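# Breakdown of the fold
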Amino acid sequence: HYHYQIIMEASSTDYEHGKPTEGMCCLCTMEDITEEDQNYVEYQSYPSMTWQPAQFELCVVQQLLDTQFQQYVDRVKKTDCQAELRRLLASGPPIYVSDKVALPLAEEETDTHVCKLWFAVDGQERTAKLKGAVEGEEREKLWNELKEFIIVEGKEEGDDEDDDDEKKK
C-alpha cells in the first residue's frame, strides 16, 4: 500500500504531458487543436490517475469549468419535465467538470470523475472542480433543496383530482 502511494505521487508530479496529435480538432468548435494555438488540454481520471487528451479545446474546457455547475442548478429549477428533473437529481449537484464524449473516464468501470486538468498554454496542472461547486455538507444541503422541486414544482394543486377524473372516464 505504501509503495503504491509513492508511485502515485511521483506519477502525478513528474508526469510528462503530451502534445496534440496531427489533425486533432475540438468536438465542440471544430477548431484545430495545435501546439501553435496552445489550446491543448489533458485531463486526469480518479482513482486510476490516468491522463488523457481532452477532445475539447482550451476555451471550451474553461467554459465548462466556469458554467457547468450553475447550468445544472438552473436546469433543475427551470425544467418542466419531471423525467429530466429526476435524471438531474439522481447523481446530485456536479463537483467536477465532465463530458461523456470529450472527457470520457479512463477506467469506465472504476473511475468516478475527472480530478485534474493540464493546460498546454501554461504547462500547469489545476483542479477540475467547477466554479461555484460545493462539497460535503453544503452539497447535501443544496441537493436536498433541489429535490424539493420534484414535489413542489412537480405537482400542481389539483393534479391528483385530475388523475382521478381521467380514471373515471
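Residues numbered from 1 in each chain as written. Predicted model: local features only at pLDDT ≥ 70, side-chain atom pairs only at ≥ 80, totals over all residues. Heavy atoms only, no water.

### Some remarks on the sheet that holds strand 2 (residues 51-53)
Filter applied, for reference: The pairing criterion is simple: DSSP has to find at least two bridges between the two strands. Secondary structure follows DSSP: runs of H or I at least 4 residues long count as helices, runs of E at least 2 residues long count as strands, and numbering of each begins at the N terminus. In this analysis, axes come from line fits to C-alpha atoms, helices being fitted only over the stretch in contact, and the angle between any two N-to-C directions falls in the range 0 to 180 degrees. Contact between two residues is taken to exist if any of their heavy atoms lie within 4.5 Å; hydrogens are not considered.
The four strands are arranged 2-1-3-4 in an open sheet whose pairing can be described as antiparallel. The outermost strands of the open sheet, each flanked by one partner alone, are strand 2 and strand 4 (124-127). Each strand axis lies, on average, 30 degrees off the axis of its neighbour in the sheet, ignoring direction. With three bridges connecting them, strand 1 (residues 41-46) and strand 2 associate as antiparallel partners. What sits directly across from Glu-42, in strand 2, is Pro-53. With respect to the sheet, helix 2 (residues 58-78) is in contact with strand 1, strand 3 (113-119) and strand 4, its orientation differing from that of strand 3 by roughly 135 degrees.

### Quick look at the packing of helix 2 against helix 3 (residues 82-91)
Here is the rule we go by: Throughout, a crossing is termed right-handed when the near helix is turned clockwise from the far one, and left-handed when it is turned anticlockwise from it by less than a right angle. Three categories are distinguished: nonpolar for Ala, Val, Leu, Ile, Met, Phe, Trp, Tyr, Cys and Pro, charged for Asp, Glu, Lys and Arg, and polar for the others, with Gly belonging to the last.
It is the contact of helix 2 with helix 3, at a shortest axis distance of 9 Å, that shows an interaxial angle of 145 degrees. The element helix 2 and its partner helix 3 pack so that their crossing is left-handed. Contacts between helix 2 and helix 3 pair Tyr-72, Arg-75 and Val-76 from the former with Glu-84, Leu-85, Leu-88 and Leu-89 from the latter. Per-class residue counts for the contact of helix 2 with helix 3 are five nonpolar, no polar and two charged.

### Some details on the nonpolar core
Keep this limit in mind: The nonpolar core is taken to be a set of buried Ala, Val, Leu, Ile, Met, Phe, Trp, Tyr and Cys residues, with the residues joined through side-chain atoms within 4.5 Å. Under the scheme applied here, a residue whose accessible area is under 20% of the maximum for its type counts as buried, over 50% as exposed, and between as partly exposed, the area being computed with a 1.4 Å probe on protein chains only.
In terms of nonpolar packing, the biggest core is built from 36 residues, with Val-76, Val-97, Leu-117 and Leu-146 touching the most fellow members. Listing elements by their share of this core, those giving two or more residues are strand 1, helix 2, helix 3, strand 3 and helix 4 (136-152). The greatest single-element share of this core, amounting to nine residues, is contributed by helix 2.

### Remarks on the confidence of the model for the chain
Selection rule: The score called pLDDT rates the predictor's confidence residue by residue, from a low of 0 to a high of 100.
Per-residue confidence for the chain averages 86 on the pLDDT scale, and 80% of its residues sit at or above 70. A low-confidence stretch, residues 1-12 stays under pLDDT 50, and its non-local contacts, those more than four residues away or across chains, total eight contacts. Every residue in residues 152-169 is under pLDDT 50, and counting partners more than four places away or in other chains gives eight contacts.

### Focus: helix 3
Quick note on the threshold: Arc, as used here, means the arc of the directions from the helix axis to the C-beta atoms.
Among the residues of helix 3, those classed as buried are Glu-84, Leu-85, Leu-88 and Leu-89. Considered in projection along helix 3, the buried side chains sweep an arc of 125 degrees and stay on one side of the axis. Every exposed residue of helix 3 that faces more than 90 degrees away from the buried side is listed here: Arg-87, Ala-90 and Ser-91. A positive backbone phi angle near 80 degrees is found at Gly-92, which sits one or two residues after helix 3.

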